[in-house]
Amino acid sequence: MGIPTPLNWPVLRQFREGDPLGRGRAVTSRATRETSNRTVTADRVAQSVCPYCAVGCGQRVFVKDEKVVQIEGDPDSPISRGRLCPKGSASEQLVNSPTRVTQVLYRRPGGTEWEVLDRDTAIDMVADRFLESRRNGWQDHDEHGRPLRRTMGVAALGGATLDNEENYLIKKLFTAAGAVQIENQARI
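Residues numbered from 1 in each chain as written. Predicted model: local features only at pLDDT ≥ 70, side-chain atom pairs only at ≥ 80, totals over all residues. Heavy atoms only, no water.

1. Structural notes on the overall build of the protein chain
Check the secondary structure of the protein chain and you find 6 helices and 8 strands. A compact globule built from 188 residues should have a C-alpha radius of gyration of about 16 Å, whereas the protein chain, at 28 Å, is more than 25% larger. In terms of overall dimensions, the protein chain has C-alpha extents of about 95 × 40 × 25 Å along its principal axes. Within the protein chain, buried positions represent 22% of all 188 residues. Taking the contacts inside the protein chain whose residues are at least 6 apart along the sequence as the reference set, 32% of them involve residues at least 24 apart. As presented, the protein chain carries roughly 14100 Å² of accessible surface, and 54% of it is formed by carbon and sulfur atoms. Counting 27 positive and 24 negative side-chain charges, the protein chain places the centres of these two groups 6 Å from one another. (Helix = DSSP H or I, 4+ residues; strand = E, 2+ residues; numbered from the N terminus. Rg over C-alpha atoms; globule rule 2.2 N^0.38 Å. Buried < 20%, exposed > 50% of the residue type's maximum accessible area, 1.4 Å probe, protein only. Contact = heavy atoms within 4.5 Å. Areas by Shrake-Rupley, 256 points an atom, 1.4 Å probe, with all protein chains shown as cover. Lys, Arg positive; Asp, Glu negative; His and termini not counted. Charge placed at Lys NZ, Arg CZ, Asp CG, Glu CD.)

Written out as structure tokens, the structure reads:
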């Protein structure tokens, strides 16, 4: 385009370039023409599933320099056929948010400060507390001697960010542990 002159004005370019309705190249700026989509410059594309609800919409995750640069609906997904809801469309922000917590944080009973724990320690703490609660709330028989074999010390509430397979496994785990109070947010 060169130096701006009246001949480079968009309305004149429209007629000069055969675009009288101004819907094509004649009305785009040089900066717009030189801009490329983030998906074009991606190093690779990974298929994934949206983490927000149990529908399981397919996603295409575009990665450049080992960083997620864009997430779009996967047109090959038989579930969503390339569509995503607003939350699914914004899931790139979930991955790249500067406020995303990436460490296990723990606040001791009565404490006022968070402390960082390694993952193995945190998992061991959860497992120990789960088993203790199960043991303390165990009911082997009711008052008439009928077998119960359950615990009232453990309950589960699943969330909509889990998919059907994860919820199935959680249900199996808690049922095997003797819990009867198992629910999911999707049903509430």
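2. Digging into the UniProt feature "domain: 4Fe-4S Mo/W bis-MGD-type" (unreviewed entry) in the protein chain
In this numbering, the UniProt entry assigns the feature "domain: 4Fe-4S Mo/W bis-MGD-type" (unreviewed entry) to residues 43–99. With 18% helix and 35% strand, the stretch residues 43–99 has end C-alpha atoms that lie 26 Å from each other. (UniProt positions renumbered as here; feature names shortened; annotations may be inferred.)

3. Things to note about the sheet that holds strand β3 (residues 67–73)
The sheet built from 3 strands is open, its strands ordered β1-β2-β3 with antiparallel pairing. With partners counted over all chains shown, the strands left at the sheet margins are β1 (44–49) and β3, one partner each. Recorded for the sheet is a direction-independent mean angle of 30 degrees between the axes of neighbouring strands. Judged from the 6 bridges that link them, strand β2 (residues 58–64) and β3 form a sheet pairing that is antiparallel. Counterpart to K64 in the pairing with β3 is K67. (Pairing = 2+ DSSP bridges. Axes fitted to C-alpha atoms, helices over the stretch in contact; angles between N-to-C directions.)

4. Some details on the packing of aromatic side chains
Scanning the entire structure with this criterion turns up 1 aromatic pair. A ring pair is formed by F130 and F174, whose centres lie 5.5 Å apart and whose planes are at 80 degrees; its orientation type is edge-to-face. In this pair, F130 sits in helix α5 (residues 119–136) while F174 sits in helix α6 (residues 164–176), placing the two residues 44 residues apart along the sequence. The class for F174 is buried, based on a relative accessible area of 14%. Sitting over the face of the ring of W114, R107 holds its NZ or CZ atom 5.2 Å from the ring centroid. (Phe/Tyr/Trp six-rings, centres within 6.5 Å; stacked < 30°, edge-to-face > 60°. Lys NZ or Arg CZ within 6 Å of the ring centre and 35° of its normal.)

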